[in-house]
Amino acid sequence: MIVTVDGPSGTGKSTVSKAVATRAGLPHLDTGAFYRAATLAALREGIDLADSDAVVDMVSGMSMDQDNGLMFLDGEDVSTEIRGECVTNAVSQVASHPEVRRILVSHQRAWVAEQGGRAVVEGRDIGSVVFPSATLKIYLDARPEVRAIRRATQVGEDPDRIIEDLARRDHLDASRDASPLTTPDGAVTVDTSDLTFDQVVERVLSLISAKS
Ligand code: DC
């Protein structure tokens, strides 16, 4: 049982997929944290993020793991630091390099294999590239203004500023050549704009039950 949850930010992807994983008794993998950890490492080392070879060199020498929702980079817990603004602003650029993606995707597949091939995996290319034969593929979406208000509440910022930032990141994620954000073939789209968190979780759980 592999459940993929893709979609843009501000749709509740992380909270929903964590809750679904807990309720379904499945391990949960946040793949965005891998791209964030790679970005943090590059920023710390002062690597030019546009220099794909340099970023690839660095990423191929790093160990990455996720355990109980925490992200580890060469054994160091970087879970808090990867959520900072510097990483958030730079991560789309790191995620645009195809060879970086190839390496991180292999870490993600290995992680799921270690869990016995069962997990809820969230990201942008999970149903399309990482696990195209997943048991169930979910695409979470929401109207841009709803996503901006959710993000603004989370980070305590002005929704008008956030809406521009989300639009910029959506555009970068959806227009890149390598594994762009897309609705995967066979995915069920759930628009969360007018649903409560509990309603979204119940909807996904009922889709899982239908596949079990
Ligand atoms: O979900 P997030 O905000 O933590 O993702 C961080 C960045 O990583 C975002 O720019 C999209 C990118 N990403 C990706 O390209 N592929 C994934 N599977 C997950 C995230």
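Presented here is a report on the structure given in the accompanying data block.

A short note on the sheet that holds strand β1 (residues 2-6)
Here comes step 1: Spatially, 5 strands are ordered β2-β6-β1-β7-β8 in an open sheet, and the strand pairing comes out parallel. Whereas interior strands pair on both sides, the edge strands pair on one side only; in this sheet they are β2 (28-30) and β8 (188-191). When strand polarity is set aside, the average angle formed by the axes of neighbouring strands in this sheet is 20 degrees.
Here comes step 2: Relative to β8, strand β7 (residues 136-141) runs parallel, the two being bridged by 4 bridges. Counted as the bridge partner of Tyr139 is Thr189 from β8.
Here comes step 3: Together, β1, β2 and β6 (119-123) form the strand contacts of helix α5 (residues 98-114), whose direction differs from that of β2 by roughly 170 degrees.
Here comes step 4: Across the sheet, helix α9 (residues 197-211) is in contact with β1, β7 and β8; its angle to β7 comes to roughly 165 degrees.

A look at the sheet that holds strand β4 (residues 70-73)
Here comes step 1: If you walk across this open sheet you meet the 3 strands as β3-β4-β5, and the pairing is antiparallel. If you trace the sheet from one side to the other, it starts and ends with β3 (64-67) and β5 (76-77), each paired once.
Here comes step 2: Bridging between β3 and β4 involves 4 bridges; their strand directions are antiparallel. Residue pairing across strands places Asp65 opposite Phe72, the latter belonging to β4.
Here comes step 3: Across the sheet, helix α2 (residues 32-44) lies against β3, β4 and β5, angled at about 40 degrees from β4, the strand it touches most.

Regarding the site of the ligand
Here comes step 1: In the neighbourhood of the ligand, 17 residues make up the surrounding shell, with Arg36, Arg101, Arg124, Asp125 and Arg176 lying closest.
Here comes step 2: Between Arg36 and the ligand, the recorded distance is 2.7 Å, taken from a side-chain N or O atom to an oxygen atom.
Here comes step 3: At 3.4 Å from an oxygen atom of the ligand is found a side-chain nitrogen or oxygen belonging to Ser92.
Here comes step 4: Relative to its free-state accessible area of 450 Å², the ligand is covered by the protein chains to the extent of 96%.
Here comes step 5: Only α2, α4 (85-95) and α8 (159-175) provide two or more residues apiece to the shell around the ligand.

Re the nonpolar core
A general trend in soluble globular proteins is that nonpolar side chains are found buried together.
Here comes step 1: In this structure, Val59 and Met64 are the most contacted members of the largest nonpolar core, which totals 39 residues.
Here comes step 2: Looking at this core, the elements with two or more residues in it are α2, α3 (52-60), β4, α4, α5, β6 and α6 (126-130).
Here comes step 3: Considering every element that reaches this core, the biggest residue donor is α2, with 8 residues.
Here comes step 4: Discounting chain neighbours no more than four positions away, the residues touching Met64 are Phe34, Ala37, Ala38, Met71, Phe72, Leu73, Leu104 and His107.
Here comes step 5: The next biggest cluster of nonpolar side chains, apart from the first, holds 18 residues, and it includes Leu140, Val190, Leu207 and Ile208.

Description of the packing of α3 against α5
Here comes step 1: Relative orientation of the contacting elements α3 and α5 amounts to 15 degrees, with a least axis distance of 9 Å. By the angle class used here, α3 and α5 are roughly parallel. Between α3 and α5 lies a crossing whose hand is left-handed. From α3, Val55, Val56, Val59 and Ser60 reach across to α5, where they touch Glu99, Val100, Ile103 and Leu104.

The rules behind these values
Chains are numbered independently. Their residues run from 1 in the order of the written sequence. Selection of residues for local features in this predicted model requires a pLDDT of at least 70, selection of side-chain atom pairs for listing and counting requires 80 or more, and totals for whole chains, interfaces and linings are taken over all residues. Computation of side-chain values: all heavy atoms of the structure, hydrogens and water removed. The pairing criterion is simple: DSSP has to find at least two bridges between the two strands. Strands here mean DSSP runs of E at least two residues long; helices mean DSSP runs of H or I at least four residues long; both are numbered from the N terminus. With axes taken as lines fitted to C-alpha atoms, and helix axes fitted only over the stretch in contact, angles between N-to-C directions fall between 0 and 180 degrees. Should any heavy atoms of two residues lie within 4.5 Å, those residues are counted as being in contact. Here a residue is near a molecule or strand as soon as one of its heavy atoms is found within 4 Å of it. Two N or O atoms form a polar contact when they lie within 3.5 Å of each other; inside protein one atom must be a possible hydrogen donor and the other a possible acceptor, and for residues adjacent in sequence the pair counts only when both atoms belong to side chains. Only the protein chains shown count as cover for residues, and all accessible areas are computed by the Shrake-Rupley method using a 1.4 Å probe. As used here, the term nonpolar core means buried Ala, Val, Leu, Ile, Met, Phe, Trp, Tyr and Cys residues forming a set that is joined through side-chain atoms within 4.5 Å. Here's how the labels work: a residue is buried when its accessible area is under 20% of the maximum for its type, exposed when over 50%, partly exposed in between, all with a 1.4 Å probe on protein chains only. By the definition adopted for this analysis, an angle is roughly parallel if under 35 degrees, roughly antiparallel if over 145, roughly perpendicular if from 65 to 115, and oblique otherwise. Crossing handedness: left-handed means the near helix sits turned counterclockwise from the far one by under a right angle, and right-handed means the same turn made clockwise.

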